[in-house]
Amino acid sequence: MKVYITTPIYYINAEPHIGHAYTTIAADTLARFYRMAGYDVFFLTGTDEHGQKIYDAAKKQNVSIKDFVDRNTETYRKLWNMLHISYTRFIRTTELEHEETVRNIFTKLLQKGDLYKDDYTGYYCIPCESYAIPEDENNPLCPDCKRPMNKISEPSYFFRISKYTKQLEKYIEENNFVKPDFRKNEVLNFIRSGLHDVSITRKNVEWGISAPVSENYTIYVWFDALINYLSGIGYLHNENLFSKFWPPDVQFIGKDIIRFHHIIWPCLLFALDLPLPKTIFAHGWWTSGKDKISKSKGNTISPEKIIDEYGLDALRYFLLREVPFGLDGEYSEDIFKKRYNSDLANDLGNLVNRTLNLVETKMSGIIGNIPANMEIIKITGEVFEKYQAKMQKIAFSEALEEIWRYISFLNRFLDEKAPWREGCSNVEEILNNTIYGIRSAIIMLTPFIPDASIRIWQMLGLEETPESNGFKLLNQKIPEGIKTNKREIIFPRKK
RNA sequence: GGCGGGGUAGCUCAGCAGGUAGAGCAGCCGGCUCAUACCCGGUAUGUCGGGGGUUCAAGUCCCCCCCUCGCUACCA
């Protein structure tokens, strides 16, 4: 049983922001879930390092291109460490092996006749240094800066995606390839309007993988970038690894790069006679005051700042709980705090705290050996079934809702049994059941909030970590005579 | 313009094989007091965007209109 999960590789010209963190945390959570479920998981992420913008940025800063990309890729790696991203491999498109793979694929497609040479015509805005499509072809103005554009034409290699139109349409219709569902129609519409072949070489871009042809071309960065999903898992280099994990099970992307991933990427795989990914899931944006978060609008959300104030797990929890995965979400400090206080502090945090306090005061901190009763075991089993189903369909917020219903149930259970009452005769039984419930909740929560889970785990005095035994631990009873450790507040309430 | 979503409690949304509206949060009342002033119970509120139609019965089906969002090809 294997699972291959990817994030996009991030374009290192930009500083990482909440959007990058979002995609990567989602992928990490799913990867952790499948590991705990006993799968062999390969989780790929990395950086996209070619292109004119990067070249220019390096020049502007007066550093060598090598130093520039090395330094910038490191900022991503550092952030992923800070977010405890459990990637299997971090790929860079400047790696020799990747570059070789890209060239090999180019040659393959050329030989197959899926690449051909033609003139690329487009409108170019010199001040913006970018291609764009003007609204009015008779009076071409740049959509960004509104200045006149030049029509330019240059020879280029084209990838014959038009050839795969029917095949792609059929695949999308019959599979869960495009997620969320509402994107499926969008993509199908686009395909049905007819696919145009795409240019995959550039003449005027110096910083890129040189195309394996006699002329002086570099390979278009998008073509280069998509291939990371192949080169990152050993395509043409490590046949064992590749055949074990191919195809991807879930590829996470932002909704801005749907075109590349739902159209060009599958066509590339058709051309290479490779099976397509099972699912490519496009998530939404975080907005702040209705605007998409971006540096230029000055409404960026710094993951570091949130972590400083609330902790890493609060951030991870919020991002995956607040909004159904796939839709846009609104971020504000107020919304964040509300979610944090009501779910993490009041419901989960307080449940753990009050229970441990009772174990300390009523049972000298020793968890007794009366096993959980059938009712709790049954309910836990049902919750796990639902949780698992939600996770498998990548409905993170729904999975968390299931767990929180369970946490509410445990709080209610404690209230009804009231083991703090004078003369309560079965304190030990009640608390053991509650502890069993907390342990179960923590196991299910571990993919989302790995750190807090471990800390709670240790407070309970349990052995190893919740990850080490995976979900099968849910069926096992808590060992006898466990001694709880010093209590601390994991999610302090915020004023 | 074309195609596709939406418009339901203060907020975020669920309900849509048609049978006189639900959840979470916020609010209010009460209980409890082991606990992070927490938890538990109870509870109000809605002309279900507007109009017309089908039906014994319509957020739920049909038609028209209004508003809103997304997609409508090469920036990574």
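Data block above holds the structure.
Basis of the calculations
- Residues numbered from 1 in each chain as written.
- Chains lettered and ligands numbered in written order.
- Predicted model: local features only at pLDDT ≥ 70, side-chain atom pairs only at ≥ 80, totals over all residues.
- Heavy atoms only, no water.
- Pairing = 2+ DSSP bridges.
- Helix = DSSP H or I, 4+ residues; strand = E, 2+ residues; numbered from the N terminus.
- Contact = heavy atoms within 4.5 Å.
- Axes fitted to C-alpha atoms, helices over the stretch in contact; angles between N-to-C directions.
- Expected span 1.5 Å × (residues − 1).
- Buried < 20%, exposed > 50% of the residue type's maximum accessible area, 1.4 Å probe, protein only.
- Core = buried A, V, L, I, M, F, W, Y, C linked by side-chain atoms within 4.5 Å.
- Nonpolar A, V, L, I, M, F, W, Y, C, P; charged D, E, K, R; others polar.
- Phe/Tyr/Trp six-rings, centres within 6.5 Å; stacked < 30°, edge-to-face > 60°.
- Lys NZ or Arg CZ within 6 Å of the ring centre and 35° of its normal.
- Polar contact = N/O pair within 3.5 Å; in protein donor to acceptor, adjacent residues only side chain to side chain.
- Parallel < 35°, antiparallel > 145°, perpendicular 65-115°, else oblique.
- Left-handed = near helix turned anticlockwise from the far one by under 90°.

Novice: Can you walk me through the sheet that holds strand S7 (residues 178-179) in this structure?
Specialist: In a beta sheet, neighbouring strands are held together by backbone hydrogen bonds and run either parallel or antiparallel to one another. Within the open sheet, the six strands sit side by side as S3-S2-S1-S11-S12-S7. Their pairing is parallel. The sheet is open, and its two borders are formed by strand S3 (89-92) and S7, each paired with just one other strand. Bridge analysis of strand S2 (residues 40-48) against S3 gives four bridges, and the strand direction is parallel. Opposite Thr45, over in S3, you have Phe90 as the bridge partner. Together, strand S1 (2-11), S2, strand S11 (250-254) and strand S12 (279-283) form the strand contacts of helix H1 (residues 18-36), whose direction differs from that of S1 by roughly 165 degrees.

Novice: Would you take a moment to explain H1 for this structure?
Specialist: Three or four residues apart is the spacing at which side chains of an α-helix point the same way, because the helix has 3.6 residues per turn. Look at H1: 26 Å from first C-alpha to last across 19 residues, which is about the 27 Å you get at 1.5 Å a residue. H1 sits mainly inside the fold: 18 of its 19 residues count as buried.

Novice: Help me out: how do you make sense of the nonpolar core in this one?
Specialist: Proteins that are soluble and globular tend to have nonpolar side chains buried together. By size, the foremost hydrophobic cluster in this structure holds 104 residues, and its most contacted members are Leu83, Phe252, Tyr387 and Phe396. In this structure Phe252 touches Ile5, Thr6, Thr7, Pro8, Thr23, Ala26, Ala27, Leu30, Phe281, Phe325, Ile394 and Phe396, once residues within four positions along its chain are discounted. If you look at the next biggest cluster of nonpolar residues, it comprises 57 residues, including Tyr4, Leu44, Val102 and Phe159.

Novice: Please explain the packing of helix H11 (residues 303-310) against helix H12 (residues 312-321) as it appears in this structure.
Specialist: Two elements in contact, H11 and H12, have axes separated by 7 Å at closest approach and are oriented at 120 degrees. Contacts between H11 and H12 pair Pro303, Ile306, Ile307 and Tyr310 from the former with Leu312, Ala314 and Leu315 from the latter. Looking at the contact of H11 with H12, its residues break down into seven nonpolar, no polar and no charged.

Novice: Even after reading the chapter, I still don't get the packing of aromatic side chains, so can you show me in this structure?
Specialist: Aromatic rings considered in pairs are described by the distance between their centres and by the relative angle of their planes. Applying the stated criterion across every chain yields a total of 43 aromatic pairs. Between the aromatic rings of Trp286 and Phe318, the centroid separation amounts to 5.5 Å while the plane-to-plane angle is 35 degrees, which identifies the pairing as tilted. Taken together, the residues span a long stretch of sequence, with Trp286 in strand S13 (residues 286-288) and Phe318 in helix H12 at a distance of 32 residues. Judged by its relative accessible area of 1%, Phe318 falls in the buried class. Aromatic side chains Tyr387 and Phe471 sit 5.9 Å apart centroid to centroid with 80 degrees between the ring planes, which places their arrangement in the edge-to-face category. Residue Tyr387 is found in helix H14 (residues 374-392), and its partner Phe471 is found in the loop between helix H18 (466-469) and strand S17 (482-483); the two are separated by 84 residues along the sequence. Taking the relative accessible area as the measure of exposure, Phe471 reaches 6% and is therefore buried. Across the ring face of Phe90, the terminal group of Arg77 is positioned such that the distance to the ring centre comes to 4.2 Å. The ring of Phe190 is capped by Arg259, whose NZ or CZ atom sits 3.9 Å from the centre of that ring.

Novice: Before we go on, may I ask you to explain the side chain of Asp28 in this structure?
Specialist: By the element assignment, Asp28 lies in helix H1. Asp28 sits in the buried class, given a relative accessible area of 0%. Among the polar contacts made by the side chain of Asp28, one reaches the side chain of Arg316 at a distance of 2.8 Å. Those residues in contact with Asp28 that lie beyond four places of it in its chain are Phe43, His84, Ile85, Ser86 and Arg316.

Novice: I would appreciate a short explanation of the environment of Met1 in the present structure.
Specialist: Structurally, Met1 can be placed in the segment before S1. The exposure class assigned to Met1 is exposed, which follows from its relative accessible area of 66%. Sequence separation between Met1 and Gly38 is 37 residues; the distance between their C-alpha atoms is 7.8 Å.

Novice: Looking at this model, I keep getting lost on unusual backbone geometry. Mind explaining?
Specialist: Where the residue is not glycine, phi is negative for most of them; where a peptide bond is considered, it is trans in most cases. The omega torsion across Lys179 and Pro180 is -5 degrees, close enough to zero to call that bond cis. Tracing the chain through its elements places Pro180 in the loop between S7 and helix H6 (181-192). Put simply, Trp246 and Pro247 share a cis peptide bond, and its omega is 0 degrees. Examined against the element boundaries, Pro247 turns out to sit in the loop between helix H9 (239-245) and S11. Positive phi is not limited to glycine here, since Ser364 has a value of about 50 degrees. In this structure, Ser364 sits in the loop between helix H13 (333-363) and strand S16 (366-367). For Glu464, which is not a glycine, the phi torsion comes out positive at approximately 55 degrees. Position of Glu464 relative to the elements: it lies in the loop between helix H17 (450-460) and H18.

Novice: Help me understand the packing of helix H5 (residues 165-174) against helix H10 (residues 258-271), please; the structure alone is not making it clear to me.
Specialist: If you want to describe how two helices pack, look at the angle between their axes and the distance between the axes. Following both chains from N to C, one finds H5 and H10 inclined at 110 degrees, their axes separated by 10 Å at the closest point. Comparing their axes, H10 and H5 come out roughly perpendicular. Relative to H10, H5 is oriented so that their crossing is right-handed. Listed contacts from H10 to Gln167, Leu168, Tyr171 and Ile172 of H5 are His262, Ile263, Pro266, Cys267 and Phe270. Partitioned by chemical class, the residues of the contact of H5 with H10 number seven nonpolar, two polar and no charged.

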